[in-house]
Amino acid sequence: MAPRNATASSSRAASSSVSRLAKTNGNAGPSTLKNKKRAVQEVSEDEDEEFGSAGSGIDMSEDEDGEEGEDDEEEEAFPEFDSEIEDGDAEEEDGDDETGLDEEELDDEESGSESGYNSSDIEAMYAEGDEDEEEEYSPITSPSSSHKDLSTDEKLSKLIAKNSIKPDESLGTDAKISRAKEGVGRLVPSKLVEGGYKREYEDYEAGYGSESSTEDNPNTVGNIPMEWYDDMPHIGYDVNGRKIFRPAQGDELDKFLSNTEDPAAWTSAEDKLLQQSVQLSDKELDIIRRLERAENPDADYDPYQPTIEWFTGEGNERVMPLSAAPEPKRRFVPSKWEHKKIMKIVKAIREGRIIPNKPSAAKPTVYSIWSESDQANLSHAMYMPAPQLPPPKTIESYNPPEEYLLNEEEQKQWEEADKEDRKTDFLPAKYDSLRLVPGYKNLVQERFERCLDLYLAPRTRKVKLNIDPESLIPKLPAPKELKPFPISTSVVYRHPESSRVRSVSTSPDGLWVATGSEDGIVRVWDLGNGREVWKWNLKGGAIQHLSFSPYKDECLLIALVSGKIAVLSPLALVAPAIAANTLTHVNTAFATSAATTKIGAGKEIKGVESIKWVRPSESERERGVLVYVEVPGTPKQVSWHRKGDYFATVASDASNKSVLIHQLSKHSTQSPFKKLPGQVQKVIFHPSKPHFFVATQRYIRQYDLATQTLVRTLQSGVKWISSLDLHPRGDNLIIGSYDKKLAWFDLDLSNKPYKTLRYHTKALRSVVYHPTLPLFASASDDGTIHIFHCTIYQDLMQNPLIVPLKILRGHKVTDGIGVLDLSWVSGKPWLVSSGSDGEVRLWCS
Amino acid sequence: MAKIKRKGESGAAKNYVTRNQALKKLQISLSDFRRLCILKGIYPREPLNKKRANKGSSAPATFYYHKDIQYLLHEPLLVKFREHKAFAKKLARALGRGEWALAKNLEEAKPVARLDHLVKERYPTFTLALQDLQDPLNLVHLFSTLPTNPIPGKTLVPSSVIAECSRLISEWKVWAIRTNSLRKLFLGVKGIYYECEVPGQGGELVKVRWLEGYEFQQHVPTDVDFRILLTFLDLYRTLISFTLFKLYTEENLVYPPPLDVELDERGESVGAFRLVEKKDNQGVESSKVSKKAVRKAIKGIKASTGGDADVEMDEDDNAEEETNENDEEFVERPTKSGEEVEDVATAPLTTYNSLLATTSNAASTSKQNLLFSPYTFYLSRETSSRTWEFVIRAMGGKIITSLSSPQPSDDSITHVIIDRPITVERMREMENGRKWTWIQPQWVADCVNRQKIISSEGYHPGQLLPPHLSPWDGEGELDRPWLEDAQNAAITAAQEEADQEEDVIEQDAPAEEESDEDEEIAEKEEAGKYPPALLASSLDPENVSLLHAAELEAEQNGVSHSAFRNQLKEAIKANKKDASTKVASAGAGKKSGEEDLRKIMMSNKKAKLYEKMQYSNREKAAEKENLERKRLAIEKRKRKEARA
């Protein structure tokens, strides 16, 4: 506060001097007045300093009491101070001339601008008042006259009022306010009542900052960018609205010259508002210096001023208490009323009406707390009473039937088991008579554990299913009702040296069975009697897969060996008409091209150049080998289109040519996929639509061959698809997987399996739908074949019915491989299966 | 847009608080919290998802319901705890300063926590209290048998607590005797289990079971925290005393019943309590007040029903009589003096009041409870009078203990319960011409469990007792066929023995006398060699005509009757075995095959559930089978021993 006070007082002092000057100058304009004031500021400051040091008012100003204690003469000035203000106001009222008014206003303004009234201000006012009084002693209408006019009563009351105000109160920062509150206003002759007075209170002026911006800025444009006036001849307006013209400004040379010439140039600063350089005063320079040194800008501020002991220390001892009121009597005289009360109690005790230290009439230890109308309002829904201990079983008897006793082995087991794992917490024992029963050692321990359970064990509700486990098994029609289905082996087709039979296929007329074994020989067997009727040795390693064409008017068999597709036909076995049909179908392309080799018809298709349709040698042709197609990689699967002209092969090791679609009649080959979505496992044609299914390891993709688009992707949920078959109606699909699962997809329903079944203990090798009957079968490495019934309803809302019918056992598991391939005999509920034990079995109903 | 759900502001995170959070919230120590939980019956919960309840942390924590803890916040007991803490501090300070007078004053004004409100709060109805009475009774019984002199470092149970516990159990037993509500009794290796039927709210009968250890010094393990037990005991004592109050008042008795110090010091347990009918002051007063009104009413009614009025008048008189002799003893005690004994003999129940009481009881409880009412038992000194006096009295019997008469010299005695071997001569000597039934204590228990007087055969002193079965071991347990057979086993065994003796006499030929193993083999071989009629009869054992035919056939073949019967038995046995195995194999083969297939179509969830159920069923069956196998082995061994 101190520096601020100091500045405030200095400005105050300055303004007072200015006002004096103004008075002497008479009718000087406000602007000149201001300039003058600025000019005299230094002087006034000097005065101020002197004043401050002389009166030591500024330093003391912080402490009002100190001030009060120090200057006693000031106290006498109090009435004068009051009267002075009255004087001023009276003068204001009296004075008619404008200048006087102006002056007064100015003066008022100045006094108003001083914010935060404090003692120093007031002191300054005293001084001012004194001066004023001295100066303006002459005016006739002095307050003293009004003083005199006051009645003695008024005077007395004023005096009393003055003295009743504690000095410290009256000198407070809000001395004026407090005075106003107390009703100490000015007494002014009333205009309305003749000879009367009215009390007039001083306006309370809000103290705004005593910054120079409010006090002496002649330019009134305010805080705006001054470049707005750059084009103008003037730089703003003064209080009276007159233009302030731009002071003459020399060019840069002038400036430079003045800078070099004037030794004080470096201590001047540019006043933007007035557009001229202003010489900084010593004081301001001092402030700057101090700020540079990170000191308090106020030179007078002493951070280490000595403590002034007002109340303590030598000579300052106060003898007077704070309150002079005498100690009240009640402080040292015993209370009469209390005495009376006590005496009353004493009397009661003497008479025995009150018995001291009597045990209070406590509630009885027991009383009736339950009534018939009690309601069991359990605390909340999750309330769980502690479970009761189960009742003892016969095994706990002191004399149980002998079979309850543990034999040695069980006893050992009991002793070795952890306490928690024991079935009973005691060793069953049999005593011949009750008197021989010893005390039970663990009784305290058990009770303790029960207590621990009661308050420590978390309780949860466990719903115990009280249902018959059999009810969990789904209700399905009995297999008996779903006959016929294959039940037992009727024919076994044995291969020499028990070579693994990788593939088996039955002819569409249901007469022949073709098998491909690992010795590289394709054999055709008579289905009924198991006689081998034909064989081709393809000399290309193991027969990977073979398949009869589903077209009944021809008899075509395709067998796959490494790098080669062989189109075969047992011409001698079939009817001549069929044989002719077959030959014409296969050989037309040779006739047209007349070449032994033919590059795929679709020449524009890249990457099929390496595929050659080769005409076998004459001797081979006589044996029924019709065409060889040389393909890259080892084809693993062949899948016929229903019409018997197209067939697709899969060779997983042939990179982007792993899936090929061949056309027999034109001897052409296409590679439908430029890029494959993964390692293709199996492919299959849709029985009725031009759709093509490609199974990769985990997904099955359905493509539309006509529009060459992907129709859907089925997510199998299995890890590695091994086999795939499509229902003859084309809307259901089953897959078998190497991770023992069989998944049934309903293509109308979802992209996810309708059912995933896991009943084989080893990987599934083959899944096949019966072409006509509602049956399907799955073969697995565990050597079993499962036969299922599957009814697919016309009603789309009804789920397909799948009923397990039979487990066919008979194939032996060799080297961890069981049944490899399955094929249904068309039109009959018969199944042909090939196993790794070199046997092919026909299962009949 | 839906309101954004912030984490930890709803659901499990909000519903559960960990124990430490609870402590912080309640601002109490762990031990105080434990006490509070025990008394208020608040227990931890298992959230479905611990991580979610623990705000993402998977650290192990004990969870409580937030609401439970909230509910603890304004528990009056909590205030008492704090008061006690302050009191303890003040007392310690006073003692430390040696301000004895102040300490005494403080001690007198010691804050006492009462648990009455907790009893009512935890058990809003009387029935609920009875349903939860098992643990309280167990613990109180245990504490009543703890050593009264504290074992340093082990128990710090004040002897007053032990005394109160034994008082409570005596009162409980006295009540059970009075109302004849004992239903079941089981002598186990841990102690004796009792079951009473107690009328709850609205007369609903609640079964209360408790365990009383045998009368031995209790082994007190070192790792038992008696503070926990004592906290539980505090609550349980309060609960039992309130329960007893209710039960006694319903019987129109004064609670607590006054203790006959003399008898108590003589070592009586149950008998030391005198049951006092309530004076029913209020009732008398009200009747006095309304006497005129009553008479008026009677006059009014008289015209229609005269009898009723008479009854009412009688009752009034009774009330007055009762005021005169209110200290009537319900328990009839034979004492040493001969006169009194005679008195006992002539008048079964001494006072009018008790007569009334019994008649009223008879109305409520059926006759079967008073199983032993015609009998007087003498308890030999080695039997536990604590147990048997209670049981026999509760079943309506009369008791003469060795305490009152060291030698059984009473004419009224019908049964002597003895648990030590004794010679027949000594028995006869003691009987002195009177006819007493000498039995072991198990006979009493078996009678109670079967609700009938069973034959004392097999229960005589020194005899090997029949097995003692649990009355709670399932309904079928007691009449399991082989156990029923055990009753007749002696008879059949005797018969068989006789038969075999005959056999031995008749067939001295060594052909039949082979080792048992050979016999078994022979049995199997012979199975096909039975004569046709015998075979037919064995296939249909109930058919009398077939049996007759077989007998004729045997006669023709010159087979003796006993031999024929043996043959027949064997044949039947063999047939049964065959049949059972056939059925089993067929059923297993066919059924299992079918099931296997249908199980393929089960969903994963159901399949797992099914497997679980099958597993537990198999376990149970295996246990049962194990028992059965053991039993058969034992029987066989016994038979062999008998034969040898």
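Residues numbered from 1 in each chain as written. Chains lettered and ligands numbered in written order. Predicted model: local features only at pLDDT ≥ 70, side-chain atom pairs only at ≥ 80, totals over all residues. Heavy atoms only, no water.

A short note on helix 28 (residues 604-643) of chain B
And step 1. When the terminal C-alpha atoms of helix 28 of chain B are compared, their 57 Å separation across 40 residues agrees well with the 58 Å that a helix rising 1.5 Å per residue should span.
And step 2. Considered for burial, the residues of helix 28 of chain B that qualify are Tyr610, Met613, Gln614, Lys630, Arg631 and Ile634 of chain B. (Helix = DSSP H or I, 4+ residues; strand = E, 2+ residues; numbered from the N terminus. Expected span 1.5 Å × (residues − 1). Buried < 20%, exposed > 50% of the residue type's maximum accessible area, 1.4 Å probe, protein only.)

Considering the environment of Ser384 of chain B
Residue and element names in this part refer to chain B.
And step 1. Following the sequence through the fold, Ser384 ends up in the loop between strand 6 (376-379) and helix 19 (385-394).
And step 2. Once the C-alpha coordinates of Ser384 and Glu215 are considered, the two residues, 169 residues apart in sequence, prove to be 7.9 Å apart.
And step 3. A polar atom in the side chain of Ser384 sits 2.8 Å from the side chain of Glu215.
And step 4. Polar side-chain contacts of Ser384 include one of 3.1 Å to the side chain of Thr387. (Polar contact = N/O pair within 3.5 Å; in protein donor to acceptor, adjacent residues only side chain to side chain.)

Observations concerning the sheet that holds strand 13 (residues 557-561) of chain A
Note: strands within a sheet are paired through backbone hydrogen bonds, in either parallel or antiparallel orientation.
Residues and elements named next belong to chain A.
And step 1. Pairing in this open sheet of five strands is antiparallel, and the strands run 12-13-14-16-15 from one edge to the other. In the strand order of this sheet, the two ends are held by strand 12 (545-548) and strand 15 (612-614), each with one partner. Direction aside, the axes of adjacent strands within the sheet are offset by 15° on average.
And step 2. As judged from the five bridges shared by strand 13 and strand 14 (residues 564-568), these two strands associate in the antiparallel manner. Residue Ile558 lies in a different strand from strand 14, and its bridge partner there is Val567. (Pairing = 2+ DSSP bridges. Axes fitted to C-alpha atoms, helices over the stretch in contact; angles between N-to-C directions.)

A word on helix 2 (residues 19-26) of chain B
Residue and element names in this part refer to chain B.
And step 1. Every buried residue belonging to helix 2 is among Ala22, Leu23 and Leu26, and all of these are buried. Considered in projection along helix 2, the buried side chains sweep an arc of 100° and stay on one side of the axis. Turned more than 90 degrees off the buried face of helix 2, the exposed positions are Asn20 and Lys24. (Arc of directions from axis to C-beta.)

Concerning the side chain of Ser517 of chain A
Residue and element names in this part refer to chain A.
And step 1. Structurally, Ser517 can be placed in strand 9 (residues 512-517).
And step 2. Overall, the relative accessible area of 0% leaves Ser517 in the buried class.
And step 3. At 2.3 Å, the side chain of Ser517 and the side chain of Asp519 are in polar contact.
And step 4. In contact with Ser517, other than residues within four places in its own chain, are His495, Ser499, Arg500, Val501, Arg502, Arg523, Ala542 and Ile543. (Contact = heavy atoms within 4.5 Å.)

Topic: a nonpolar patch on the surface
Residues and elements named next belong to chain A.
And step 1. Taken together, the side chains of Leu253, Phe256 and Leu257 present a nonpolar region at the surface, about 300 Å² in accessible area.
And step 2. Looking at the element boundaries, Leu253 is found in helix 13 (residues 252-261).
And step 3. In this structure Leu253 comes out as exposed when scored by relative accessible area, which is 53%. (Patch = residues over 30% accessible without salt bridge, like charges linked within 9 Å, V, L, I, M, F, W, Y side chains within 5 Å. Areas by Shrake-Rupley, 256 points an atom, 1.4 Å probe, with all protein chains shown as cover. Salt bridge = Lys/Arg side-chain N within 4 Å of Asp/Glu carboxyl O.)

Overview of the interface of chain B and chain A
And step 1. Taken together, the 101 residues of chain B in the interface contact 88 residues of chain A.
And step 2. Contact with chain A buries surface across chain B, with Val189, Lys190 and Met601 of chain B losing the most and accounting together for 10% of the total.
And step 3. One can count eight salt bridges joining chain B with chain A.
And step 4. With a shortest N-O distance of 3.5 Å, Arg637 of chain B and Glu402 of chain A are connected by a salt bridge.
And step 5. For the pair chain B and chain A, the number of links is 38 residue pairs in polar contact (both at pLDDT 80 or more).
And step 6. For the side of chain B that touches chain A, the element with the most residues is helix 28 of chain B, which contributes 14 residues. (Buried area = accessible area lost by both parts, 1.4 Å probe.)

Points about a positive patch on the surface
All names here are of chain B.
And step 1. Together, Lys573, Arg639, Lys640 and Arg643 make up a region of like positive charge exposed at the surface.
And step 2. For the positive patch, the element with the highest residue contribution is helix 28, accounting for three residues.
And step 3. Turning to its location among the elements, Lys573 is positioned in helix 27 (residues 561-600).
And step 4. Residue class for Lys573 comes out exposed when judged on its relative accessible area of 53%. (Lys, Arg positive; Asp, Glu negative; His and termini not counted. Charge placed at Lys NZ, Arg CZ, Asp CG, Glu CD.)

Remarks on the UniProt feature "repeat: WD" (unreviewed entry) in chain A
Residues and elements named next belong to chain A.
And step 1. UniProt's feature table lists "repeat: WD" (unreviewed entry) at residues 494-535, 757-788 and 819-845, given in the numbering used throughout.
And step 2. Along residues 757-788 one finds 0% helix and 56% strand; the C-alpha atoms at either end are 12 Å apart.
And step 3. In the segment residues 819-845, helix accounts for 0% and strand for 70%; the C-alpha atoms at its two ends are 19 Å apart. (UniProt positions renumbered as here; feature names shortened; annotations may be inferred.)

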